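Residue strings, one per chain:
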Amino acid sequence: MVWIIGATGFSFVNTVAYRFPRQKKILNEHFCCDHCGQQLKAYETIPVFSYIALKGRCRYCDEDIARRDFFNELIGGFISLLIFFRFGDMYRLSDTFRLSSPLDIVVHFDIWKLLYLLVILLFFCIMDMIILVDHDTMEIPNRFIILLLYVDVVALIVMQDIGLIEHIIGGVCISVPLFLITLAVPGAFGGGDIKLSAAVGLFLGWKLSIIGFLMGLLAAGVYAVIMLATGKKGKKEHFPFGPFLCTGYMVSAICGMNVLAMYLKLAAFLHG
């Protein structure tokens, strides 16, 4: 059931990522084939399973169905399971990563535990939404940032393990330096990246925000080196930074404190 919830959530993200840049209605339009426009039946839109049953092709025009949607739904299901095992028992972002017992989650049910899980899952869905849209358009819509701010408000109530001051510092510790760098070097970072870092920082707090940003920056740097080395990108070409940022922030939400602990151990070893 948890896997289905995650796959369904990320399936909806696929719909938003496809319709929003095309200025289509998100909720009031039927699902149709991207190629022939044929309206799809309900059983043809079941996440993951419909793609497998249809063998990855539209049964009306025989064109390929986007593989990205299939893998995004598949990954969404497993992310939902990971969130369930990671936060279901010990629901604290500030704790190090460990897998909890699903039976304990069910037996010792707590409404705050459920709200915590739903808030984390919603955060991941928004991150995935930004990844897909920014990859396609190189823009992070303000509506997504506003949606994330609503989640921040709920997180301030639900996430008692992170103090209010830490949330506030998280909102400025990355976004303000990025803004100052952009003022000094125009085009260094996009406005969407700055606003995204502010909104995510309010959610994660300053420690996990810094860890997530550094992981995203490292991943983007590796990607840039590979693209330059293979000749697929020129020195003056741009690529979306949002997908790397969001990925770093998601990894940090899951195991950021483990990364911090490893860094501190390494620093102590080198110093000693």
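Just so you know, these numbers come straight off a predicted model, no measurement behind them.

Participant: An account of the environment of Gly171 is requested, with residue identities and associated values reported.
Facilitator: If you trace the backbone, Gly171 turns up in helix α7 (residues 164-173). Its relative accessible area of 8% is what places Gly171 among the buried residues. In this structure, the C-alpha to C-alpha distance between Gly171 and Lys24, residues 147 residues apart in sequence, is 32 Å. Residues in contact with Gly171, not counting those within four places in the same chain, are Ala198, Gly201 and Leu202.

Participant: Help me get a handle on the nonpolar core, residues and values and all.
Facilitator: Nonpolar side chains tend to gather and get buried jointly when the protein is soluble and globular. Counting 55 residues, the largest nonpolar core has Leu93, Met127, Leu196 and Phe203 as the members making the most contacts within it. Every element with two or more residues in this core is listed here: α1 (2-19), α3 (67-87), α5 (111-137), α6 (142-158), α9 (191-204), α10 (206-230) and α11 (242-271). Looking at this core, the element that brings in the most residues is α5, giving 15 residues. Look past the residues within four positions of Leu93 in its chain and what remains in contact with it is Arg86, Phe87, Tyr116, Ile120, Met159, Asp161, Ile162, Phe203, Leu204, Leu208, Ala253 and Met257. In terms of nonpolar packing, the next biggest core, distinct from the first, is built from five residues, Trp3, Val48, Tyr51 and Phe70 among them.

Participant: Residue-level account of unusual backbone geometry, with values.
Facilitator: The residue Gln23 is not glycine, and still its phi comes out positive at about 55°. By secondary structure assignment, the location of Gln23 is in the loop between α1 and α2 (49-53). For Val48, which is not a glycine, the phi torsion comes out positive at approximately 70°. Secondary-structure assignment places Val48 in the loop between α1 and α2. A relative accessible area of 3% means that Val48 is categorised as buried.

Cut-offs applied
- What you see as residue numbers is a count from 1 along each chain, following the sequence as written.
- With pLDDT at 70 or above as the cut-off, local features in this predicted model cover only qualifying residues; side-chain atom pairs require 80 or more to be listed or tallied, and sums for whole chains, interfaces and linings still use all residues.
- No hydrogens and no water enter the side-chain calculation; it runs on all heavy atoms of the structure.
- Only DSSP runs of H or I reaching four residues or more are called helices, and only runs of E reaching two or more are called strands; each is numbered from the N terminus.
- The cut-offs for exposure are 20% and 50% of the maximum accessible area for each residue type, with area from a 1.4 Å probe on protein chains only; residues under the lower value are buried, those over the upper are exposed, and the others partly exposed.
- Should any heavy atoms of two residues lie within 4.5 Å, those residues are considered in contact.
- Nonpolar cores were defined as sets of buried Ala, Val, Leu, Ile, Met, Phe, Trp, Tyr and Cys residues, with membership established by side-chain atoms within 4.5 Å.

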